[in-house]
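# Close look at the chain arrangement
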Amino acid sequence: MNRRRFIETTAATAAAISWHNPLFAAPEADGEGPWDLVAVRNAGPVEMFNAGIAALGGMQAFVKKGQSVVVKPNIAWDQPPEIPANTNPDLVGAIVKECLKAGASKVTVFDHTCHNWKRAYKTSGIAKAVEDAGGTMAPANLEDHYREVKLPKAKSLKKAQIHKEMLDCDVLINVPVLKHHGGAKLSLCMKNLMGVVWDRRFFHKNGLDQCIADMCFAPRVPDLNIVDAYRILRKNGPQGKAEEDGELAKYLMIGKDMVALDAASAKLYGKKPEELGFVKIADKMGAGHADLSKVKIKRITIDA
């Protein structure tokens, strides 16, 4: 598929998603905030982020002057932005800028990559976007980068080695990309936190869905989650093979509740939240709300 044909195809699909997506089928929530979840559609990733964070009171509602911030995108794969296996680099750069503008003393970005970390950081475009924005990329490829902690409220993942940058920061911002995943069905907020753990094999050997849900009870959980659904990976996840595996959707969702965001993301993708084992488990464990009727959602459509 040539690039022109790819753009025409994805644009047509995006229009179909926008008109029929159940997230926007419900009426606009009454009244003013505070909102539990903000869903934005129909613009570029930076423009949608700016609209979403503004609806939550701006980045200053989450980052105070002098605080250290960690931004955790998905940078697992040595893939370019055209294949949405990683978080959109423009979005990550915009988040770093807003954190520094709010007064952060430093903003650090990392992921425990599956491919070679230097290549993944570079090819994804995220290293350049972060450094251009004034942030710092941190490695996560050595066991020394991690510290063992206990998760007493977890059921399977009772202890784990978690990246020190995450454990020691003042503010944690989780930025997954919405994508297909062969094992978990979808990779979302909770799944993205596997990239802060040293031994990911434990998850696969001891109940993937349960261990993903257990990360909701880590000593450090995200203060803010931003789901990048500008371009969705529809198949061959989590790595993707070609541009046509992706789909231009033009959505972004932002909020604190990982369970609610993962449930909303599932609906955006075309699945029922209860189809995802880790969402059902996390909801049952009281980590958040999978029932979106209990979540106050602000819906924003940006005029083209």
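Everything in this summary refers to the structure shown in the same document. The structure presented is a predicted model; accordingly, all values stated were derived computationally and were not measured.

## A short note on unusual backbone geometry
The omega angle of the peptide bond from Gly237 to Pro238 is 10°, so this bond is cis rather than trans. Structurally, the position occupied by Pro238 is in the loop between strand 10 (224–233) and strand 11 (246–255). The phi torsion at Asn236 lies on the positive side, around 60°, for a residue other than glycine. We classify Asn236 as partly exposed; its relative accessible area is 33%. Although it is not a glycine, Lys250 sits at a positive phi angle of roughly 60°. With respect to the helices and strands, the residue Lys250 is situated in strand 11. Assessed through its relative accessible area of 27%, Lys250 is described here as partly exposed.

## Some details on the pairing of strand 3 (residues 106–109)
Bridge count for strand 2 (residues 68–73) against strand 3 is four bridges, and the pairing is parallel. Note on strand 3: the bridge partner recorded for Ser68 is Lys106. For the segment spanning strand 2, helix 3 (residues 89–101) and strand 3, crossover handedness is right-handed. Both strand 3 and strand 4 (residues 136–137) contribute to a ladder of two bridges, which runs parallel. The residue of strand 4 that forms the bridge with Val109 is Met137.

Criteria and cut-off values
- Residues numbered from 1 in each chain as written.
- Predicted model: local features only at pLDDT ≥ 70, side-chain atom pairs only at ≥ 80, totals over all residues.
- Heavy atoms only, no water.
- Helix = DSSP H or I, 4+ residues; strand = E, 2+ residues; numbered from the N terminus.
- Buried < 20%, exposed > 50% of the residue type's maximum accessible area, 1.4 Å probe, protein only.
- Pairing = 2+ DSSP bridges.
- Right-handed = clockwise from strand over helix to strand, strands pointing away.

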